[in-house]
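Structural description and commentary
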Amino acid sequence: MIKENLALVQSYINESINNCKRNAEDVTLVAVSKTKPISDVLEAYNAGIRDFGENKVQELVDKYEALPKDIRWHMIGHLQTNKVKYIVDKVYLIHSVDSYHLAEVISKEAEKKNVSVDILIEVNVADEETKFGTTDDDLYNLVMMVSKLPRINIKGLMTVAPYVSDPELNRPIFKKLRQLSVDISMKNIDNVSMDILSMGMSGDYRVAIEEGAMYVRVGTSIFGERNYSI
Ligand SMILES: *Cc1c(COP(=O)(O)O)cnc(C)c1O
């Protein structure tokens, strides 16, 4: 099933890329494998996927140890500062940095392990109370402060849009994230690039691609519904 689901998701992605005349290389599918077993990840790996997203540190570490080393692991969930040390040398990109304190800890742990870490700043564009992420208003200050920390590179922005029945409802949110990234890149801050926009999930990745997404994070449409009760 996973192979077939992937083929379908990839065909929709290609269709959206063609519709808006973007380059196929500019959009990367991150397969969100949280809660799913190693065997599922392997099935997607064997179908050619190399980018996987997880939202829990322990699960990411367990899968990192068990799976091929050419996988690029994306940390997409809220990250507790006391757990940063377990993943700084294992992640390809942390999508979910939303406070200066968290960035400081990442920077310190990266120094200890002698690595540098690429991150995105998570923005709560819809300003939902239940979501993590900095607000639009605080974004610029946060980027300025984080950009001065050693061993941490800001590569762009990420948002988690609301769960909606009609993906068109999230189009303004994706537009807004893109606009924020353009605004910031025009300020030419040292050590900050705004090359990456991480936005779009199972329900709305096609709209996100039309609005400039570089990484789409898709779980359910690839691996099926998650069961949190087991
Ligand atoms: C779970 C999750 C996803 C994937 O969601 P689906 O609706 O299953 O595609 C994407 N991004 C984040 C941050 C997530 O936590």
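Before going into details, it helps to say that this report is about the structure given with it. What you see is a predicted model; the values in this text were computed from it and never measured. (Residues numbered from 1 in each chain as written. Predicted model: local features only at pLDDT ≥ 70, side-chain atom pairs only at ≥ 80, totals over all residues. Heavy atoms only, no water.)

Some words on the packing of helix α1 (residues 2-19) against helix α2 (residues 38-46)
For the pair α1 and α2, interaxial distance at closest approach is 9 Å and the crossing angle is 50 degrees. Our classification of the angle between α1 and α2 gives oblique. As α1 runs across α2, the sense of the crossing is right-handed. Counting all contacts with α1, which are made through Ile2, Lys3 and Leu6, the residues of α2 involved are Asp40, Glu43 and Ala44. Residues of the contact of α1 with α2, tallied by class, amount to three nonpolar, no polar and three charged. (Axes fitted to C-alpha atoms, helices over the stretch in contact; angles between N-to-C directions. Helix = DSSP H or I, 4+ residues; strand = E, 2+ residues; numbered from the N terminus. Parallel < 35°, antiparallel > 145°, perpendicular 65-115°, else oblique. Left-handed = near helix turned anticlockwise from the far one by under 90°. Contact = heavy atoms within 4.5 Å. Nonpolar A, V, L, I, M, F, W, Y, C, P; charged D, E, K, R; others polar.)

What to know about the layout of surface pockets
Where empty space is left becomes clear once a probe the size of a water molecule has been rolled over the atoms. Computed from the structure, the largest pocket encloses a volume of approximately 650 Å³. Taken together, 29 residues form the lining of the largest pocket, with Lys34, Val160, Ala161, Met201 and Arg226 sitting closest to its centre. Here the residues of the lining of the largest pocket sort into 13 nonpolar, nine polar and seven charged. (1 Å grid on protein atoms, 1.4 Å probe; cavity = no way out; pocket = protein on both sides within 12 Å on 5 of 7 lines; lining within 4 Å. Points joined across faces, edges and corners; volume = space filled by probe spheres on them.)

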